[in-house]
Amino acid sequence: MSLIQAVRGTRDILPGESSDWQRVEAAARTLLARAGYQEIRTPLFEQTDLFERGIGEATDIVGKEMYSFQDRGERWITLRPEGTAGVVRAFLEHKLYTQGGIQRLWYTGPMFRYERPQAGRQRQFHQLGVEVLGSADPRADAEVIAIASDLLKTLGLSRWKLDLNSVGDLEDRQRYREKLVAYFTPYVAELDRDSQERLHRNPLRILDSKDPRTQAIAQEAPSILDYLGADSQRHFEQVQQYLSNLSIPYQLNPRLVRGLDYYTHTAFEMQVDDLGAQATVCGGGRYDRLVQELGGPDTPAIGWAIGLERLILLLQQLHLPLLATIDFYLVAKGTNAEAQALTLSHGLRQAGFAVELDLSGSAFGKQLKRADRSGAPACLIMGDAEAEAKTVQLKWLASGEQQAVAQSDLLHQTEALQQRLAALREKR
Ligand code: ATP
Ligand code: MG
């Protein structure tokens with residue numbers, strides 16, 4: 001009988017890899033909590049209408065990538081392709097705006113897009129994102145960008161670049177749109193098919209095309225930055241000033257329009273320089289019109305989303321250090337020793353250590369080999385002699401240094417040990 005496999009474009013995150021995910025999630029949680037962001041969890045599926053209205057029908061996501069189906073009650077349902085629309089829906093449904101002030105929110109979880117699977121591009125993938133609702137202040141733009149930059153830095157990624165653009169407001173884009181249509185019209189036959197269709201419906205999207213020929217033509221297209229009105233101009237200049245104040249380097253990219261229709265003013269992307277090849281790990285921007293378009297009060301907003309698969313793939317490719325999973329690997333041989341080891345492992349966990357107990361009962365040699373492979377900085381070894389004396393051999397695996405320690409010292413005088421473990425973790 002043939003085995004059933006995971007659906008194309010989906011992946012299991014196996015035990016060997018999940019610690020990488022946890023490390024990234026933990027770093028993000030810490031940073032976001034420090035900045036006063038609160039987590040929001042919204043459903044994995046929503047009414048199809050939400051995405052059609054919120055993302056825009058002329059986008060790749062809505063046009064080609066959504067997982068939509070009718071449920072048994074004949075409602076049109078879509079597996080969420082991104083997080084912002086659901087967050088805004090919840091913001092409106094629960095009238096979070098009546099709480100006054102600014103909502104700083106973050107989310108993480110799986111997203112679904114019917115795309116051609118390849119490295120860093122899946123049909124079920126994960127994003128971690130932030131949304132700041134209720135502020136038009138350019139400081140909010142700089143704040144969210146700074147958080148994304150801090151997160152990459154905390155994870156050890158130092159070589160990234162930030163592309164920055166402004167797509168202006170509705171009026172600016174109206175002016176710009178006419179210029180774009182005029183520019184692309186003579187090339188219409190050379191554009192990819194999607195871009196041809198978009199020429200009159202949504203010419204900005206052409207700048208976002210991944211077709212090489214279209215991209216080459218778009219290189220010479222007029223720049224949106226030449227069509228910004230005074231207010232848009234001022235907002236954009238302030239964002240740039242704040243980024244400079246924060247020592248966050250950026251480069252202007254007037255062709256960056258992002259894939260979603262609801263963006264206004266600031267748009268940005270962060271790419272990590274993976275030993276030459278570029279990978280976009282973070283995309284975001286301001287969406288001052290979305291809340292109103294979904295039927296809510298006028299609420300300016302800005303956010304970003306990081307693609308976790310791409311980020312983690314990079315961390316792995318760059319061999320950035322992983323978290324030690326456990327502090328001690330505990331091996332025991334002999335009837336009394338094995339029984340006592342169980343009690344000791346339990347006590348050590350209550351004292352705050354991470355402990356893996358070897359349950360095999362195999363010879364010491366085999367158990368010690370497993371200790372080496374476990375990634376633990378130290379191994380605890382117990383035979384019946386140690387059990388009798390209520391001690392244990394503490395062996396530091398990197399140096400081989402070993403000594404007998406009273407079990408009660410391990411359990412009650414933990415400070416020096418914790419410090420040594422922390423110092424080893426620092427070094428990794
Ligand atoms: P791309 O141009 O690569 O298709 P996008 O503009 O569609 O990206 P966004 O909608 O801005 O991407 O999503 C933010 C981030 O989510 C991306 O920068 C990327 O890291 C990640 N992402 C998007 N689609 C996928 C996917 N199918 N698989 C894995 N990660 C993805
Ligand atoms: Mg895409």
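Residues numbered from 1 in each chain as written. Chains lettered and ligands numbered in written order. Predicted model: local features only at pLDDT ≥ 70, side-chain atom pairs only at ≥ 80, totals over all residues. Heavy atoms only, no water.

Visitor: An account of the overall build of the protein is needed here, citing residue identities and associated values.
Guide: From N to C terminus, the protein includes 16 helices and 16 strands. Based on the C-alpha atoms only, the size of the protein along its principal axes is roughly 90 × 60 × 45 Å. By residue count, 51% of the 428 residues in the protein fall in the buried class. Sequence separation of 24 or more characterises 69% of the internal contacts of the protein that already satisfy a separation of 6 or more. Surface exposure of the protein reaches about 21600 Å², of which carbon and sulfur atoms provide 49%. Of note, the protein has its 50 positive side-chain charges centred 3 Å away from the centre of its 56 negative side-chain charges. (Helix = DSSP H or I, 4+ residues; strand = E, 2+ residues; numbered from the N terminus. Buried < 20%, exposed > 50% of the residue type's maximum accessible area, 1.4 Å probe, protein only. Contact = heavy atoms within 4.5 Å. Areas by Shrake-Rupley, 256 points an atom, 1.4 Å probe, with all protein chains shown as cover. Lys, Arg positive; Asp, Glu negative; His and termini not counted. Charge placed at Lys NZ, Arg CZ, Asp CG, Glu CD.)

Visitor: Report on the site of ligand 1, specifying residues and quantitative values.
Guide: Near ligand 1 there are 15 residues, and of these Glu-115, Arg-121, Gln-122, Lys-210 and Arg-258 occur at the shortest range. Gln-127 has a polar side-chain atom sitting 3.0 Å from an oxygen atom of ligand 1. With respect to ligand 1, the backbone of Thr-280 contributes an N or O atom lying 3.0 Å from an oxygen atom. Counting residues per element, the ones that place at least two in the shell around ligand 1 are strand S6 (124-133), strand S10 (277-286) and strand S11 (301-307). Of the residues in the shell around ligand 1, the class split is four nonpolar, five polar and six charged. (Near = heavy atom within 4 Å. Polar contact = N/O pair within 3.5 Å; in protein donor to acceptor, adjacent residues only side chain to side chain. Nonpolar A, V, L, I, M, F, W, Y, C, P; charged D, E, K, R; others polar.)

Visitor: An account of the packing of helix H1 (residues 15-34) against helix H5 (residues 138-154) is requested, with residue identities and associated values reported.
Guide: For the pair H1 and H5, interaxial distance at closest approach is 10 Å and the crossing angle is 140°. Here H1 lies oblique to H5, going by the angle between them. For the crossing formed where H1 meets H5, the hand is right-handed. Facing H1, whose interface residues are Val-24, Ala-27, Ala-28, Leu-31 and Leu-32, H5 presents Ile-147, Asp-150, Leu-151 and Thr-154. (Axes fitted to C-alpha atoms, helices over the stretch in contact; angles between N-to-C directions. Parallel < 35°, antiparallel > 145°, perpendicular 65-115°, else oblique. Left-handed = near helix turned anticlockwise from the far one by under 90°.)

Visitor: Could you give me a rundown of the nonpolar core, with the residues and numbers involved?
Guide: Counting residues in each nonpolar core, the largest one holds 88 residues, and the members touching the most others are Leu-133, Val-144, Phe-184, Phe-268, Trp-304 and Leu-311. At nine residues, the largest contribution of residues to this core is made by H5. With 21 residues, the next largest nonpolar core counts Phe-328, Ala-341, Leu-357 and Val-405 among its residues. (Core = buried A, V, L, I, M, F, W, Y, C linked by side-chain atoms within 4.5 Å.)

Visitor: If you had to explain helix H11 (residues 308-317) to someone new, which residues and values would you point to?
Guide: Of all the residues in H11, the buried ones are Leu-308, Glu-309, Leu-311, Ile-312, Leu-314 and Leu-315. His-319 occupies a position one or two residues after H11 and carries a positive phi of about 55°.

Visitor: Talk me through the domain arrangement of the protein; I want residue IDs and the actual numbers.
Guide: Taken as a whole, the protein is organised into domain 1 (15-169 + 229-317) and domain 2 (328-427). Distance between the C-alpha centres of domain 1 and domain 2: 44 Å. (Domains from an automatic or database assignment.)

Visitor: Before we move on, can you summarise the packing of aromatic side chains with the specific residues and values?
Guide: Under the definition given, this model contains six aromatic pairs. Ring centres of Tyr-176 and Tyr-227 lie 5.6 Å apart, and the angle between their planes is 40°; on these two criteria the pair is classed as tilted. Of the two residues, Tyr-176 is situated in helix H6 (residues 170-184) and Tyr-227 in the loop between helix H8 (212-219) and helix H9 (230-245); the sequence distance between them amounts to 51 residues. Given a relative accessible area of 0%, Tyr-176 falls into the buried group. Judged by centre distance (5.2 Å) and plane angle (55°), the rings of Phe-328 and Phe-353 are tilted. One end of the pair, Phe-328, is in strand S12 (residues 328-332); the other, Phe-353, is in the loop between helix H12 (335-350) and strand S13 (355-357), and 25 residues separate them in sequence. Its relative accessible area of 0% is what places Phe-328 among the buried residues. Residue Phe-353 is classed as buried on the basis of its relative accessible area, which comes to 4%. An aromatic cluster of three or more residues is present, and its members are Tyr-183, Phe-184 and Tyr-187. A cation sits over an aromatic face here: Arg-420 above Trp-396, 4.0 Å from the ring centre. (Phe/Tyr/Trp six-rings, centres within 6.5 Å; stacked < 30°, edge-to-face > 60°. Lys NZ or Arg CZ within 6 Å of the ring centre and 35° of its normal.)

Visitor: Please set out unusual backbone geometry residue by residue, giving values where relevant.
Guide: Negative phi is the rule for most residues except glycine; trans is the rule for most peptide bonds. Despite not being glycine, Lys-95 has its phi angle at roughly 45°, a positive value. The residue Lys-95 is located in the loop between helix H4 (84-93) and strand S5 (103-112) in this model. The residue His-265 is not glycine, and still its phi comes out positive at about 50°. A residue is classified by how much of its surface remains accessible, and His-265, at 12% relative accessible area, is buried.

Visitor: Could you give an account of the pairing of S5, naming the residues involved and the relevant values?
Guide: Extensive coverage of S5 is indicated by the burial of eight of its 10 residues. One ladder, built from 10 bridges, connects S5 with S6; its direction is antiparallel. Bridging across to S6, Met-111 finds its partner in Phe-125. (Pairing = 2+ DSSP bridges.)

Visitor: Which residues make up helix H7 (residues 193-201), and what are the values?
Guide: Every buried residue of H7 is accounted for by Ser-195, Arg-198 and Leu-199. All buried residues of H7 project into a common sector of 125° when viewed along the axis, lining one side. Seen from the open side of H7, the exposed residues pointing more than 90 degrees away from its buried face are Arg-193, His-200 and Arg-201. Looking at the packing, one finds that the buried side of H7 touches helix H3 (60-65), H6 and H8. (Arc of directions from axis to C-beta.)

Visitor: Quick one: what's the story with the sheet that holds S13, residue by residue and with numbers?
Guide: Overall, mixed pairing links the five strands, which are arranged S13-S12-S14-S15-S16 in an open sheet. A single partner strand is all that each edge strand has here, and the edge strands are S13 and strand S16 (402-406). Across this sheet, the average inter-strand angle for adjacent strands is 25°, counted without regard to direction. Sheet topology places strand S14 (residues 378-382) next to strand S15 (residues 391-396); four bridges connect them, and they run antiparallel. Residue Ile-381 lies in a different strand from S15, and its bridge partner there is Gln-393. The strands touched by helix H16 (residues 415-427) within the sheet are S12 and S15, with S15 carrying the most contacts at an inclination of about 20°.

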